[in-house]
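# Inside the fold
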Amino acid sequence: MRLRSLTKHIKDQNWFAVALDFFIVVFGVFMGLQVSNWNAARVDRADEIIFLNALHQDIVEAEQISKRILNMRLARFNDLENAVDILFERVPWRELSNEECNAIGNSHVAGIIWTDLPAVSGLRDAGRTGILHDDTLVQNLATLIQRQDAMGKIIEAVEITTVDLPRAYPDLFKITPVKIPLGTETGQTEYDTVFVCDGKKLQHSRAAMNALAVNIEGYDGVVNLVGVKPWAEQTNAVHMRLDKILSITHANEETTP
Ligand SMILES: [Zn+2]
């Protein structure tokens, strides 16, 4: 239609009308593109909100898990340090407690199993990470992924050097299974183990003492330095940022570091 009118105006040498026709065509195309850009941006914003809410859900769950694991590992590390202080005679001698024997017997198990955040993997697989426009959140997420990678690497490296002491030195440990109640109301129980060890016998085994020294170094690395603690802290940092963006406040103060 526009083309026919353009041909007629050229034939009539009506240059003003020709220019007007050109302008209308160019303006029409420009507006068409602009509207489609606006629409794409609107869809991106809507998808971003959906993603942020899904990520918040994932991170709340991840944070609960990481905090629980961190507390368990820190408690065991504390028992391990106390036991090592006694065995290496940095403090006056006393018999080791069951918890300390348990910590020594499990000193090769510092690693944890974790999962990626499903919302982040989904966004990355769809190639849509570009919809995120909060730079701090993007940075925090990148750091979290780096720390997860670092944690995986140190767990792998440490597992090669650490020693399962009760298996390597069965004469030094006695392990007894016990049934303990799971909560008060359910009546359910689970099996746990009680470790008993003889500190003096342990001290006289040079090989076991060497293995223990290697284990505590590895445990410290996995829990405190490059592993679980920095990962748990970064999970919390992502959560804080998300709460800020989404204006979420939590009734209890669980999310404060
Ligand atoms: Zn939150």
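The coordinates are above.
A short tour of the structure in this document, coming up. The model shown is predicted, which means the values in this text are computed figures rather than measured ones.

Assigned secondary structure in the protein consists of nine helices and two strands. Written out in order from the N terminus, the α and β elements of the protein read α-α-α-α-α-α-β-β-α-α-α. Taking 2.2 N^0.38 as the reference for a compact globule, 257 residues should give roughly 18 Å; the C-alpha atoms of the protein span a radius of gyration of 31 Å, well beyond that estimate. Overall size of the protein, expressed as C-alpha extent along the three principal axes, is 110 × 45 × 25 Å.

All right, on to the nonpolar core then. The biggest cluster of nonpolar side chains holds 31 residues, and the ones touching the most others in it are Leu-80, Ala-83, Ile-104 and Val-222. Among the secondary structure elements, those contributing two or more residues to this core are helix H2 (15–87), helix H3 (98–105), helix H5 (135–161), strand E2 (189–197), helix H8 (206–225) and helix H9 (228–246). The contact partners of Leu-80, leaving out residues within four places of it in the chain, are Ala-103, Ile-104, Ser-107, Ile-216 and Tyr-219. Leu-55, Ile-59, Val-238 and Leu-242 belong to the second-largest nonpolar core, a separate cluster that totals eight residues.

All right, on to the environment of Gly-227 then. Secondary-structure assignment places Gly-227 in the loop between H8 and H9. With eleven residues separating them along the chain, Gly-227 and Val-238 place their C-alpha atoms 17 Å apart.

Turning our attention to the packing of H2 against H3. Packing of H2 against H3 brings their axes to within 8 Å, and their N-to-C directions diverge by 100 degrees. Between H2 and H3, the angle is such that the two are roughly perpendicular. The residues of H3 that touch H2, namely those facing Arg-76, Asp-79, Leu-80, Asn-82 and Ala-83, are Glu-99, Glu-100, Ala-103 and Ile-104. When the residues that make up the contact of H2 with H3 are grouped by side-chain class, the tally is four nonpolar, one polar and four charged.

Rules used throughout
- Per chain, residues are indexed from 1 in the order of the written sequence.
- The predicted origin of the model limits local features to residues at a pLDDT of at least 70 and limits the giving and counting of side-chain atom pairs to 80 or more, whereas totals for whole chains, interfaces and linings rest on all residues.
- Under the scheme used here, helices are H or I runs from DSSP no shorter than 4 residues and strands are E runs no shorter than 2 residues, and both carry numbers assigned from the N terminus.
- Radius of gyration here is computed from C-alpha atoms only, and the compact-globule reference equals 2.2 Å multiplied by the residue count raised to the power 0.38.
- To define a nonpolar core, we join buried Ala, Val, Leu, Ile, Met, Phe, Trp, Tyr and Cys residues through C-beta atoms within 7 Å and take the resulting set.
- Field definition: a residue is buried when 20 or more other C-beta atoms are found within 10 Å of its C-beta, exposed when 12 or fewer are, and partly exposed for counts in between, with C-beta atoms placed from the backbone.
- Our contact criterion uses C-beta atoms placed from the backbone: two residues qualify when those atoms are within 7 Å.
- Under this scheme, a helix contributes an axis fitted over its contacting stretch, all axes are lines through C-alpha atoms, and angles between N-to-C directions fall in the 0 to 180 degree range.
- Angles below 35 degrees are treated as roughly parallel, those above 145 as roughly antiparallel, those between 65 and 115 as roughly perpendicular, and all remaining angles as oblique.
- Think of it as three bins: nonpolar holds Ala, Val, Leu, Ile, Met, Phe, Trp, Tyr, Cys and Pro, charged holds Asp, Glu, Lys and Arg, and polar takes everything else, Gly as well.

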